[in-house]
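Summary of the model geometry
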Amino acid sequence: DGGQQGVKTLTLKETVKIPGVSIMCCLFTATCAIECTCGGWGSTFLVECKHIAAGQAAQMVMFYYIGMAGGRFLSGVLAAWLNRWQIITVGQVVLGVALILLMLPLPPAVSAAGLFWVGIGNGPLFPNFNYLTPQNFGENVSQSVMGTQMAAAYVGIMLAPAACGILGQFISMGIFPMYLLIFYLVMAAATRKVKCILNI
(Lines give C-alpha, C1' and ligand atoms only; values in the text may rest on other atoms or scores of the structure.)
Protein backbone atom coordinates (compact mmCIF):
# COMPACT_ATOMS: atom_id res chain seq x y z
CA ASP A 1 0.00 0.00 0.00
CA GLY A 2 1.50 3.35 -1.11
CA GLY A 3 0.33 5.15 2.05
CA GLN A 4 2.28 2.79 4.33
CA GLN A 5 5.60 3.19 2.55
CA GLY A 6 8.09 5.96 3.19
CA VAL A 7 7.76 9.12 1.14
CA LYS A 8 9.97 9.02 -1.94
CA THR A 9 11.44 12.12 -3.53
CA LEU A 10 11.79 11.54 -7.26
CA THR A 11 13.53 13.49 -9.99
CA LEU A 12 11.43 14.92 -12.81
CA LYS A 13 12.67 12.17 -15.13
CA GLU A 14 11.71 9.47 -12.63
CA THR A 15 8.32 11.06 -11.98
CA VAL A 16 7.22 11.29 -15.60
CA LYS A 17 8.17 7.62 -16.11
CA ILE A 18 5.40 6.61 -13.69
CA PRO A 19 2.52 5.28 -15.84
CA GLY A 20 -0.17 7.94 -16.19
CA VAL A 21 1.79 10.92 -14.84
CA SER A 22 2.56 12.49 -18.22
CA ILE A 23 -1.10 12.12 -19.26
CA MET A 24 -2.30 13.72 -16.01
CA CYS A 25 0.09 16.58 -16.75
CA CYS A 26 -1.76 17.08 -20.05
CA LEU A 27 -4.99 17.38 -18.07
CA PHE A 28 -3.50 20.03 -15.78
CA THR A 29 -2.12 22.00 -18.72
CA ALA A 30 -5.44 21.84 -20.58
CA THR A 31 -7.74 22.86 -17.71
CA CYS A 32 -5.47 25.75 -16.70
CA ALA A 33 -5.11 26.85 -20.33
CA ILE A 34 -8.90 27.03 -20.67
CA GLU A 35 -9.29 28.78 -17.32
CA CYS A 36 -6.72 31.51 -17.91
CA THR A 37 -7.36 32.03 -21.62
CA CYS A 38 -11.09 32.39 -21.01
CA GLY A 39 -10.55 34.86 -18.18
CA GLY A 40 -7.92 36.83 -20.09
CA TRP A 41 -9.50 37.03 -23.55
CA GLY A 42 -13.23 36.46 -22.99
CA SER A 43 -14.05 40.17 -22.93
CA THR A 44 -11.95 40.84 -26.07
CA PHE A 45 -13.88 38.09 -27.86
CA LEU A 46 -17.18 39.67 -26.84
CA VAL A 47 -16.07 43.12 -27.99
CA GLU A 48 -14.47 42.14 -31.32
CA CYS A 49 -16.74 39.29 -32.40
CA LYS A 50 -20.05 40.00 -30.65
CA HIS A 51 -19.75 43.79 -30.87
CA ILE A 52 -20.49 44.40 -27.21
CA ALA A 53 -19.28 47.65 -25.59
CA ALA A 54 -16.03 47.18 -23.68
CA GLY A 55 -17.52 48.08 -20.30
CA GLN A 56 -20.45 45.73 -20.75
CA ALA A 57 -18.13 42.93 -21.95
CA ALA A 58 -15.98 43.31 -18.83
CA GLN A 59 -19.10 42.99 -16.68
CA MET A 60 -20.19 39.89 -18.60
CA VAL A 61 -16.83 38.21 -18.01
CA MET A 62 -17.47 38.59 -14.28
CA PHE A 63 -20.12 35.90 -14.77
CA TYR A 64 -17.34 33.60 -15.97
CA TYR A 65 -15.53 34.05 -12.66
CA ILE A 66 -18.80 33.55 -10.79
CA GLY A 67 -19.20 30.34 -12.77
CA MET A 68 -15.69 29.19 -11.79
CA ALA A 69 -16.44 29.79 -8.12
CA GLY A 70 -19.85 28.15 -8.47
CA GLY A 71 -18.34 25.12 -10.20
CA ARG A 72 -15.88 24.58 -7.38
CA PHE A 73 -18.61 24.99 -4.78
CA LEU A 74 -20.88 22.52 -6.59
CA SER A 75 -17.97 20.09 -6.79
CA GLY A 76 -17.88 19.98 -3.00
CA VAL A 77 -21.63 19.48 -2.82
CA LEU A 78 -21.62 16.72 -5.45
CA ALA A 79 -18.85 14.88 -3.60
CA ALA A 80 -21.52 13.63 -1.20
CA TRP A 81 -23.10 11.61 -4.05
CA LEU A 82 -20.48 11.17 -6.78
CA ASN A 83 -16.86 10.05 -6.81
CA ARG A 84 -14.15 12.37 -8.10
CA TRP A 85 -14.00 10.93 -11.62
CA GLN A 86 -17.78 11.21 -11.93
CA ILE A 87 -17.60 14.88 -10.92
CA ILE A 88 -14.87 15.38 -13.52
CA THR A 89 -17.06 13.75 -16.17
CA VAL A 90 -20.01 16.02 -15.32
CA GLY A 91 -17.74 19.07 -15.47
CA GLN A 92 -16.29 18.07 -18.82
CA VAL A 93 -19.74 17.49 -20.33
CA VAL A 94 -20.91 20.94 -19.16
CA LEU A 95 -17.69 22.49 -20.46
CA GLY A 96 -18.13 20.86 -23.87
CA VAL A 97 -21.69 22.15 -24.23
CA ALA A 98 -20.57 25.63 -23.16
CA LEU A 99 -17.83 25.71 -25.79
CA ILE A 100 -20.37 24.77 -28.47
CA LEU A 101 -22.49 27.76 -27.35
CA LEU A 102 -19.45 30.01 -27.83
CA MET A 103 -18.74 28.63 -31.29
CA LEU A 104 -22.25 29.04 -32.67
CA PRO A 105 -23.34 32.37 -34.26
CA LEU A 106 -25.75 33.16 -31.45
CA PRO A 107 -26.72 36.48 -29.79
CA PRO A 108 -24.19 38.11 -27.44
CA ALA A 109 -26.23 37.22 -24.35
CA VAL A 110 -25.95 33.52 -25.23
CA SER A 111 -22.18 33.86 -25.66
CA ALA A 112 -21.97 35.54 -22.26
CA ALA A 113 -24.00 32.65 -20.81
CA GLY A 114 -21.56 30.30 -22.55
CA LEU A 115 -18.68 31.91 -20.65
CA PHE A 116 -20.57 31.39 -17.39
CA TRP A 117 -21.05 27.70 -18.16
CA VAL A 118 -17.41 27.35 -19.17
CA GLY A 119 -16.66 28.46 -15.62
CA ILE A 120 -19.19 26.05 -14.12
CA GLY A 121 -17.81 23.12 -16.13
CA ASN A 122 -14.10 23.86 -15.82
CA GLY A 123 -14.22 24.99 -12.18
CA PRO A 124 -14.29 21.51 -10.58
CA LEU A 125 -11.57 19.99 -12.77
CA PHE A 126 -8.31 21.33 -11.32
CA PRO A 127 -9.12 20.64 -7.64
CA ASN A 128 -10.42 17.15 -8.42
CA PHE A 129 -7.43 16.26 -10.59
CA ASN A 130 -5.21 17.37 -7.73
CA TYR A 131 -7.22 15.53 -5.06
CA LEU A 132 -6.89 12.27 -6.99
CA THR A 133 -3.08 12.29 -7.04
CA PRO A 134 -2.48 10.03 -3.98
CA GLN A 135 -5.24 7.69 -5.13
CA ASN A 136 -3.84 7.54 -8.66
CA PHE A 137 -0.17 7.09 -7.87
CA GLY A 138 0.21 6.28 -4.17
CA GLU A 139 0.87 8.57 -1.23
CA ASN A 140 4.59 7.74 -1.15
CA VAL A 141 5.27 9.51 -4.47
CA SER A 142 2.36 11.96 -4.46
CA GLN A 143 4.51 14.96 -3.49
CA SER A 144 6.80 14.48 -6.49
CA VAL A 145 3.83 13.88 -8.78
CA MET A 146 2.00 16.97 -7.48
CA GLY A 147 5.07 19.11 -8.10
CA THR A 148 5.28 17.86 -11.69
CA GLN A 149 1.55 18.43 -12.20
CA MET A 150 1.85 21.99 -10.88
CA ALA A 151 4.66 22.66 -13.35
CA ALA A 152 2.38 21.41 -16.14
CA ALA A 153 -0.41 23.64 -14.82
CA TYR A 154 1.86 26.69 -15.04
CA VAL A 155 2.58 25.88 -18.68
CA GLY A 156 -1.14 26.29 -19.33
CA ILE A 157 -1.35 29.39 -17.13
CA MET A 158 1.62 31.22 -18.66
CA LEU A 159 1.81 30.14 -22.29
CA ALA A 160 -1.75 29.43 -23.46
CA PRO A 161 -3.21 32.94 -22.95
CA ALA A 162 -0.13 34.52 -24.55
CA ALA A 163 -0.38 32.24 -27.58
CA CYS A 164 -4.10 33.03 -27.92
CA GLY A 165 -3.33 36.75 -27.88
CA ILE A 166 -0.68 36.39 -30.57
CA LEU A 167 -2.96 34.30 -32.79
CA GLY A 168 -5.84 36.70 -32.20
CA GLN A 169 -3.67 39.63 -33.25
CA PHE A 170 -2.50 38.00 -36.48
CA ILE A 171 -5.76 36.24 -37.39
CA SER A 172 -8.81 37.38 -35.41
CA MET A 173 -10.20 36.86 -31.93
CA GLY A 174 -12.81 34.78 -33.70
CA ILE A 175 -10.36 31.92 -33.08
CA PHE A 176 -11.11 32.14 -29.34
CA PRO A 177 -13.78 29.39 -29.11
CA MET A 178 -11.85 27.03 -31.41
CA TYR A 179 -8.67 27.67 -29.44
CA LEU A 180 -10.44 26.65 -26.23
CA LEU A 181 -11.95 23.63 -28.00
CA ILE A 182 -8.49 22.34 -28.95
CA PHE A 183 -7.51 22.20 -25.27
CA TYR A 184 -10.85 20.59 -24.47
CA LEU A 185 -10.25 17.84 -27.03
CA VAL A 186 -6.77 17.25 -25.62
CA MET A 187 -8.35 17.02 -22.18
CA ALA A 188 -11.03 14.57 -23.34
CA ALA A 189 -8.48 12.31 -25.04
CA ALA A 190 -6.11 12.46 -22.05
CA THR A 191 -8.95 11.65 -19.63
CA ARG A 192 -9.86 8.56 -21.60
CA LYS A 193 -6.24 7.43 -21.84
CA VAL A 194 -5.39 7.96 -18.17
CA LYS A 195 -8.46 6.02 -17.11
CA CYS A 196 -7.23 3.09 -19.22
CA ILE A 197 -3.73 3.33 -17.75
CA LEU A 198 -5.03 3.51 -14.17
CA ASN A 199 -7.76 0.89 -14.78
CA ILE A 200 -10.57 3.22 -13.74
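Turning our eyes to something else, we now look at the environment of N140. On the secondary structure map, N140 appears in the loop between α7 (133-137) and α8 (142-170). With a relative accessible area of 7%, N140 lands in the buried category. Sequence-wise, N140 and V7 are 133 residues apart; in three dimensions their C-alpha atoms are separated by 4.2 Å.

Moving on, we get to the nonpolar core. V118 and F176 are the most contacted members of the largest nonpolar core, which totals 49 residues. When residues of this core are assigned to their parent elements, the largest contribution, 13 residues, is made by helix α2 (residues 21-50). Excluding its chain neighbours within four sequence positions, the residues that come into contact with V118 are I34, C38, Y64, L95, A98, L99, L102 and G123.

Turning next to the side chain of S144. In this structure, S144 sits in helix α8. Among the polar contacts made by the side chain of S144, one reaches the main-chain amide nitrogen of L10 at a distance of 2.9 Å. Among residues more than four places away in sequence, those in contact with S144 are K8, T9, L10 and T15.

Once that is clear, we can look at the confidence of the model for the protein chain. When the pLDDT values of the protein chain are averaged, the result is 92; 97% of them are 70 or greater. Taken element by element, the predicted model of the protein chain shows its lowest mean pLDDT in helix α1 (residues 12-16) (90) and its highest in helix α9 (residues 176-197) (96).

Here we come to unusual backbone geometry. Of note in the backbone geometry, H51 takes a positive phi value of approximately 60° without being a glycine. Secondary-structure assignment places H51 in the loop between α2 and α3 (54-78). Its identity is not glycine, yet N199 carries a phi of approximately 60°, on the positive side. Tracing the chain through its elements places N199 in the segment after α9. Since its relative accessible area comes to 70%, N199 is described here as exposed.

Of all the bends found along α2, the most pronounced is centred on W41 and spans about 50°. In the segment just after α2, H51 is the residue with positive phi, at about 60°.

The geometry of α8 relative to α9 is characterised by a closest axis approach of 11 Å and an angle of 145° between their N-to-C directions. The element α8 and its partner α9 pack so that their crossing is right-handed. Contact with α8, carried on its side by A160, A163, C164 and L167, involves F176, Y179 and F183 of α9 and no other residues of that element.

Scanning the model with the defined rule gives one salt bridge in all. When the shortest N-O distance is used, the salt bridge between E35 and R72 registers 3.2 Å. Linking E35 in helix α2 with R72 in helix α3, this pair joins segments that are 37 residues apart in sequence. On the basis of relative accessible area, E35 is assigned to the partly exposed category, the value being 22%. Overall, the relative accessible area of 33% leaves R72 in the partly exposed class.

What counts as what
- Residues numbered from 1 in each chain as written.
- Predicted model: local features only at pLDDT ≥ 70, side-chain atom pairs only at ≥ 80, totals over all residues.
- Heavy atoms only, no water.
- Helix = DSSP H or I, 4+ residues; strand = E, 2+ residues; numbered from the N terminus.
- Buried < 20%, exposed > 50% of the residue type's maximum accessible area, 1.4 Å probe, protein only.
- Core = buried A, V, L, I, M, F, W, Y, C linked by side-chain atoms within 4.5 Å.
- Contact = heavy atoms within 4.5 Å.
- Polar contact = N/O pair within 3.5 Å; in protein donor to acceptor, adjacent residues only side chain to side chain.
- pLDDT = per-residue confidence, 0-100.
- Bend = angle between axes of the 7 residues up to and from the residue.
- Axes fitted to C-alpha atoms, helices over the stretch in contact; angles between N-to-C directions.
- Left-handed = near helix turned anticlockwise from the far one by under 90°.
- Salt bridge = Lys/Arg side-chain N within 4 Å of Asp/Glu carboxyl O.

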